[in-house]
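Residues per chain are reported as follows:
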Amino acid sequence: MAYLCNVDIGGTHTDAVVIDQRGSVTEAKVSSTPDNFSRGFFNALEQGAAKRNLALDELLERTEVVSHGTTVGTNAIIEGEGVDAALVTTRGAEDVMFVMRGGAAVSKGQSIEDVLSFRDASKPDPIVERKRVYGVDERVDCMGDVVVDLNEERVRNVARELARNEVDAVAVNLLWSFLNDSHEVRIEEILEEELPDGTFLTRASDLIPKWGEYERTTATAINAYIGPSTSEYIDRINDGLGERGYDGTLLVMQSGGGVMSAEDAVREPVKTIDSGPAAGIIGCRYLSERLEHENIIAADMGGTSFDIGLLTDGEPITQPNNVINQYEYMIRNVDVDSIGSGGGSIAQVDADTGRLQVGPESAGADPGPACYGRGGTDPTVTDADLLLGFLDPDHFLGGRQHLDESKARDAMSAIGDELGMSPEEVASGVFEIVTAKMADSIRQRTINRGHDPRKFVLYAYGGAGPLHVPAIAPQLDVDTVVVPSGDTSSVWSALGVSSSDFLYRQEVSNITTAPFDPAAVTDSFRAIEDDLTERLRAEGFEPDEIDVERYADLRYQAQVHQVSVPVPNGRLDESDMDTVVNRFERKYEDLYGEGAGYTESGFEMVTIRCDVSGRTTKPNLERESSEGEAIPKTETDVLWPSEGRRLATEVYEGTELGPGMTVDGPAIVRMNHTTVAIPPEDDCEIDQYDNYVIDIGGE
């Protein structure tokens, strides 16, 4: 029997799913191993193999594809553990990365709390130290014409200095190189001649040939900064898989919503940043197609963070730029917002206000929450959930980990003594605060961007999502919460990797003004499509397995706001160009308000993009309906914060429930890797895909 194996690494847990050729899914969840993430990778696969009654090498020998969502690049940037990198750029543009986007740089990607704490605001530590930024004499103008020849002697002197300084990686980004890359290509050739073998090289015109000198510079610098460590990690995974019997290709999740080969991930690691949350949203799209849900709020609560993404009209919202550690960089990705509200988020008393606050600091995987008994003493959301009665201390992670209620109580008591509250009152406050923060984050992600949350369905996943997200819905006037595929929801991002297609994406900037020449636009698209299609065929995809999607970024002349709209396939004519412009104007007004458009100014096409994907094998989520009714295993008292009191609550075992059954709240469904909380007044039906569909307020 052939298998698909997928692994996603988070800050607290590493998740794996093993899918057989019938589509049956086996979940595995282990603690992450920050000292060496590859250990957690193989620990998770080993647990998945054991659940299939296989040794790990037996599983991998029978595995068709291994896919992976990695956090190595993300962690390297956040923790400042990248390599000593250098940047070569056009003389006069050496300070682009340090100037950033002016004063706004101090608040980019920051939480509201950090933004309001203006006294502590500052720009981030540099990705590349200023002393390692080298300007070279050359210049290409805005039409792509060379106006100053490249000074190759200067480049060679810089290369020799870099060799003496033993830099690990070099990024090359020249002004207007996306229009004419000849100087960048020549610089790369000289660097290869002068630098030791193994030095990581990356150039902007190859990585991201787009308009925007600052965002392009940071993307290229980040790629160099995390390149060697990501390469080492992926090679370690690849070698470990081979040693254990796997002879296929390792696929790596990218933040843009598809997978790529390990070889491409090594060359372009910046595209793997935040790939885990993106995978979860792609999994939501895969499921939503079957449930016929068009508008979805994807809510992923893990051990460290709460991640939010939106799907409108069945498609994830993407954005052309991303932010990490306050740096804005130019890589198109699935649009995800994150806040520090996870199961490991630490509760404390604010020194200035004397009020209880939760997060963004997290206890992480080690030592973890106080109730883990690994030496942690800080009270966390998980400790609160345990004291409130939602978690069974003997059933956590399917009984593989015992939770120490006395240690959770001691941790809450330390805060309670300071606030004059009992441990249970503190726990209830922690639950309500983290829920309110998550609801507010969703409001910002929806209402503040022109979306009405009442028209959306909430998908709750991640280890802590099915417990907390149902409590958010009433605050947003959302009627339905879906816990995807029951226990699989706890490893949903890992399953999302398996539902992702092999994706090649290419964006090219070349500003043109309307009226657009249909023949020229067609030729530009086809040049990209032909290249990417050929690359997919080299990966083994047949023509009928390849899909092509076209997009164009347009803006009004004399404005900076660009809007991405789909472009028809095939040879374009003038009516197609009119359709593209009309789509732009409609979407512009959807985003910025009726009457915001300025047709009289004319239109500019700034960037064209092709997404060429190869369809991969997908998991089968459907199950047969069950006979009988849901019968509770036991009953327990739970302090429901929304009610402000303890209620007798029926407890169900997830393994005993199946499609067609219904459960009325208040109730708890205990599963191997998560807990579903069905609040009072709500009811839940299990559908044919094993989803727990919670009707907020009941019928």
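Keep in mind that what you see is a predicted model, and the values were worked out from it rather than measured.

1. Structural notes on the overall build of the protein
Looking only at helices and strands, the protein has 18 helices and 35 strands in total. Its C-alpha atoms give the protein a radius of gyration of 26 Å, within 12% of the compact-globule value 27 Å for 699 residues. Taking the principal axes of its C-alpha atoms as reference, the protein extends roughly 80 × 55 × 55 Å. Expressed as a percentage of its 699 residues, the buried residues of the protein come to 56%. Excluding contacts between residues fewer than 6 apart, the proportion of contacts in the protein whose partners are at least 24 apart in sequence is 68%. Carbon and sulfur atoms provide 42% of the accessible area of the protein, an area that totals close to 28400 Å². One finds the centroid of the 59 positive side-chain charges in the protein at a distance of 4 Å from the centroid of its 127 negative side-chain charges.

2. Here we look at the sheet that holds strand S6 (residues 133-136)
Strands pair in a sheet through their backbones, by hydrogen bonds, and they do so in one of two ways: parallel or antiparallel. In spatial order, the strands read S6-S5-S9-S10; together these 4 strands make up an open sheet with parallel pairing. Two strands lie at the open edges of the sheet, namely S6 and strand S10 (200-203), each paired on one side alone. Each strand of the sheet is rotated relative to its neighbour by a mean of 20°, with strand direction disregarded. Relative to S10, strand S9 (residues 169-173) is paired through 4 bridges, and the arrangement is parallel. The residue of S10 that forms the bridge with Ala 169 is Phe 200. Helix H7 (residues 182-194) contacts strand S5 (85-90), S6, S9 and S10 of the sheet and is inclined by roughly 175° relative to S10. Against the sheet, helix H9 (residues 213-243) touches S5, S9 and S10, its axis set at about 165° to S9.

3. Section: H9
Taking 1.5 Å per residue, 31 residues should reach 45 Å; H9 reaches 44 Å between its end C-alpha atoms and fits that length. Where H9 bends most, the angle comes to about 50°, and this point is Gly 227, followed within four residues by the proline Pro 228. Just beyond H9, the residue with positive phi is Gly 245, at close to 105°.

Criteria and thresholds
- Residues numbered from 1 in each chain as written.
- Predicted model: local features only at pLDDT ≥ 70, side-chain atom pairs only at ≥ 80, totals over all residues.
- Heavy atoms only, no water.
- Helix = DSSP H or I, 4+ residues; strand = E, 2+ residues; numbered from the N terminus.
- Rg over C-alpha atoms; globule rule 2.2 N^0.38 Å.
- Buried < 20%, exposed > 50% of the residue type's maximum accessible area, 1.4 Å probe, protein only.
- Contact = heavy atoms within 4.5 Å.
- Areas by Shrake-Rupley, 256 points an atom, 1.4 Å probe, with all protein chains shown as cover.
- Lys, Arg positive; Asp, Glu negative; His and termini not counted.
- Charge placed at Lys NZ, Arg CZ, Asp CG, Glu CD.
- Pairing = 2+ DSSP bridges.
- Axes fitted to C-alpha atoms, helices over the stretch in contact; angles between N-to-C directions.
- Expected span 1.5 Å × (residues − 1).
- Bend = angle between axes of the 7 residues up to and from the residue.

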